[in-house]
Amino acid sequence: MGVLLLIEFEASKSNKRYEERDAILAKIEVFQAHLELLKRTNVLNDAFPIWHDGEFGTINNFQLGQLPKILVRNPGP
């Protein structure tokens, strides 16, 4: 009877090791996916949004350039 208990105890320790390993591997997979997302993130897109406003390009809502027939908006007082 004692040998069977020892075998069951060793088997449960082995199962716990596999469960710990699987949990660690799952965490690594999540962290790697997050890392890939961060690699594609560009903080300049948040700091300096580049877009357009009609015929003009804008950076941080500031108009780039001007056209002879279109007046430049002056956001000042």
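Residues numbered from 1 in each chain as written. Predicted model: local features only at pLDDT ≥ 70, side-chain atom pairs only at ≥ 80, totals over all residues. Heavy atoms only, no water.

Here's the deal with a nonpolar patch on the surface
Rule in force here: Like-charged residues are merged into a patch within 9 Å and nonpolar side chains (Val, Leu, Ile, Met, Phe, Trp, Tyr) within 5 Å, provided each residue has over 30% relative accessible area and no salt bridge. The method behind every accessible area is Shrake-Rupley, applied with a 1.4 Å probe, and residues are considered shielded solely by the protein chains displayed. A pair is scored as a salt bridge if a Lys or Arg side-chain nitrogen falls within 4 Å of a carboxyl oxygen belonging to Asp or Glu. Runs of E in the DSSP output that reach at least two residues are strands. Runs of H or I that reach at least four are helices, and both are numbered from the N terminus.
Where nonpolar side chains cluster on the molecular surface, the patch consists of Val43, Leu44, Phe48, Ile50, Ile59 and Leu64 and spans about 580 Å² of accessible area. By the element assignment, Ile59 lies in strand β2 (residues 56–59).

Side note on the sheet that holds strand β1 (residues 50–53)
For the record, the criterion: Between any two strands, at least two bridges found by DSSP are needed for them to pair. Axis geometry follows a simple rule: fit a line to the C-alpha atoms, using only the stretch in contact for helices, then measure angles between N-to-C directions, giving values from 0 to 180 degrees.
With antiparallel pairing, three strands are arranged side by side in an open sheet as β1-β2-β3. Edge strands, defined here as strands with exactly one partner in the open sheet, are β1 and β3 (62–64). Across this sheet, the average inter-strand angle for adjacent strands is 40°, counted without regard to direction. Two strands pair when backbone bridges link them, and β1 and β2 are joined in this way by four bridges, in the antiparallel orientation.

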